[in-house]
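Structure at a glance
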Amino acid sequence: MKDVKKYQQAEKLKKWRDETQPIPWYHDGLENLSNRLHPLKQVLRVTDIQPLSRDTKLYRLVSARADQPLAPFRAGQYVGITVEINGVRTTRPYSLVSSPNQLAYYELGIRKKEGGFVSTYIFNELKVGDIIEATEPLGTLYYNPLFHGKELVFVAGGCGVTPFISLLRYISEKALDLKVWLIFGCVTEEDILFREELEDIASRRDNINVHYILSEPGPEWKGDCGFITEEIISSKIGSIGKKYFYIVGNRAMHEFIKKELENLGVPQHRIKFEAFGVPDDITQIIGWPSTLDHSSRVKIRVHYFKSGMKTEKTFEAPCTEPLLNSLEREMRSELQLRSACRSGECAFCRTKLISGKVFTPPQVVIREVDQAIGFIHPCISYPLSDLELDLTMG
Ligand SMILES: Cc1cc2nc3c(=O)[nH]c(=O)nc-3n(C[C@H](O)[C@H](O)[C@H](O)COP(=O)(O)OP(=O)(O)OC[C@H]3O[C@@H](n4cnc5c(N)ncnc54)[C@H](O)[C@@H]3O)c2cc1C
Ligand code: FES
């Protein structure tokens, strides 16, 4: 009886609140805007596929839902693309190459990585008409006029040029008052992606300069050869002044360019870096415990919900594979793990580590609050000992 009275009182209070404090007039508008900007997921249809080089293709995607237009983005951002391969559901980030000035479609330039899990699947299997899932646009590699100034240097390695294509399209279309240099390192001439378009933009815009450097040029190549060194950089851009540097490529390239920029006297706060994926060989990364047997396998015990009931599972995983890859392979349809950047940045995959030790590359910055309460980012964590994880908090 007491409970019924309490319930009646609560109902009365709710009715009174609804009458005296109605939902603000702007509520629906803000809610709609927020959903438009940050959809939980986007469902996309592939409408066109074009080859860009021997191992890279351009994919054009539109929204597959009439009631959900594509989310707007800033040039330089990426989306997490989720696919299911042999029962393993997984996500990889791909930079948007299309211009944010139009939202009729997104474009992605995806390179087939040798032995790559998702990129090989996309390259070989994805066809026009297929439906795929994507996250909202994410990432911080966009132009910020407050901090980046008016002179920008884009340094790209191989497929790392993709976010710069979007940025250059945006800057050129908007005729922004910026001076830009793209220094684009490739293996051979065949690997220069979007060459025609880059040359077209550079020929139409005096403020945009494009330079290629080939590490393995053919005999007919007349341009620069080798790596992107401090000499190459200063010969193209002149003095460092207040220029702001964006570097996109693999981690080895980043380490190399970072040192070259240090030699040129570029302060750290004027460099932005985006790593394209996890290190190819984690055992070569500074800080990796040299005494650890690289072929070690560890036991991973996970607690998670299955059909609403708390349950647990133990499996073995190699210490040289990102923990998230092992989790996705072992948990399959039993559990859907969220991820987007796969490089420790977005925090989508944050997971509570109950016990054990993991290795995270030193360049990866995990939020202090996550570290303090024992959360790890399994996309960029490697198990160094047996682990116990709590996946019931996701
Ligand atoms: C911000 C950002 C933007 C990027 N933009 C681009 C872009 O524009 N274009 C581009 O081409 N790349 C881009 N990348 C890189 C891209 O996200 C992938 O890292 C790349 O495509 C390689 O992924 P992969 O799955 O093919 O290879 P890997 O993830 O390196 O897979 C290697 C091996 O791991 C194993 N494996 C991995 N996951 C699993 C699993 N879940 N289950 C079973 N086995 C598994 C497989 O044995 C496979 O052979 C970007 C990366 C970042 C961080
Ligand atoms: S997926 Fe972004 S931090 Fe792990």
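Not measured: the values here are computed from a predicted model.

Our next topic: the sheet that holds strand β14 (residues 309–318). If you trace the five strands from one edge of the open sheet to the other, you get β14-β13-β19-β15-β17, paired in mixed fashion. Each edge of the open sheet is held by one strand with a lone partner, namely β14 and β17 (375–376). In this sheet, strand β19 (residues 387–390) lies alongside strand β13 (residues 297–306) in parallel orientation, the contact comprising four bridges. Residue pairing in the sheet places His303 in a bridge with Asp390 of β19. Taken strand by strand, helix α9 (residues 323–331) contacts β13, β14, β17 and β19, and its axis lies near 120° from that of β14.

Turning our eyes to something else, we now look at empty space enclosed by the protein. Tallied over the entire structure, the rule returns one cavity of 30 Å³ or more. Computed from the structure, the largest cavity encloses a volume of approximately 30 Å³. Mapped by element, the contributors of at least two residues to the lining of the largest cavity are β2 (56–63) and β5 (106–111). Classifying every residue of the lining of the largest cavity by side-chain character gives eight nonpolar, no polar and no charged.

Further remarks concern the nonpolar core. Ranked by size, the top nonpolar core spans 33 residues in total, and within it Phe154, Phe164, Leu182, Phe184 and Leu198 carry the most contacts. Counting residues per element, the ones that place at least two in this core are β7 (151–157), α5 (162–173), β8 (179–186), α6 (195–204), β9 (208–214) and β11 (244–249). Here the element with the most residues in this core is α5; it accounts for five residues. Both domains that furnish three or more residues to this core are identified here as domain 1 (38–134) and domain 2 (145–275). Leu198 has contacts with Ile165, Leu168, Leu182, Phe184, Leu193, Val210 and Tyr212, leaving out every residue within four places of it along the chain. Core analysis: the next-biggest nonpolar cluster, separate from the first, contains 22 residues, Leu70, Ile85, Tyr94 and Ala134 among them.

The rules we used
Residues numbered from 1 in each chain as written. Chains lettered and ligands numbered in written order. Predicted model: local features only at pLDDT ≥ 70, side-chain atom pairs only at ≥ 80, totals over all residues. Heavy atoms only, no water. Pairing = 2+ DSSP bridges. Helix = DSSP H or I, 4+ residues; strand = E, 2+ residues; numbered from the N terminus. Contact = heavy atoms within 4.5 Å. Axes fitted to C-alpha atoms, helices over the stretch in contact; angles between N-to-C directions. 1 Å grid on protein atoms, 1.4 Å probe; cavity = no way out; pocket = protein on both sides within 12 Å on 5 of 7 lines; lining within 4 Å. Points joined across faces, edges and corners; volume = space filled by probe spheres on them. Nonpolar A, V, L, I, M, F, W, Y, C, P; charged D, E, K, R; others polar. Core = buried A, V, L, I, M, F, W, Y, C linked by side-chain atoms within 4.5 Å. Buried < 20%, exposed > 50% of the residue type's maximum accessible area, 1.4 Å probe, protein only. Domains from an automatic or database assignment.

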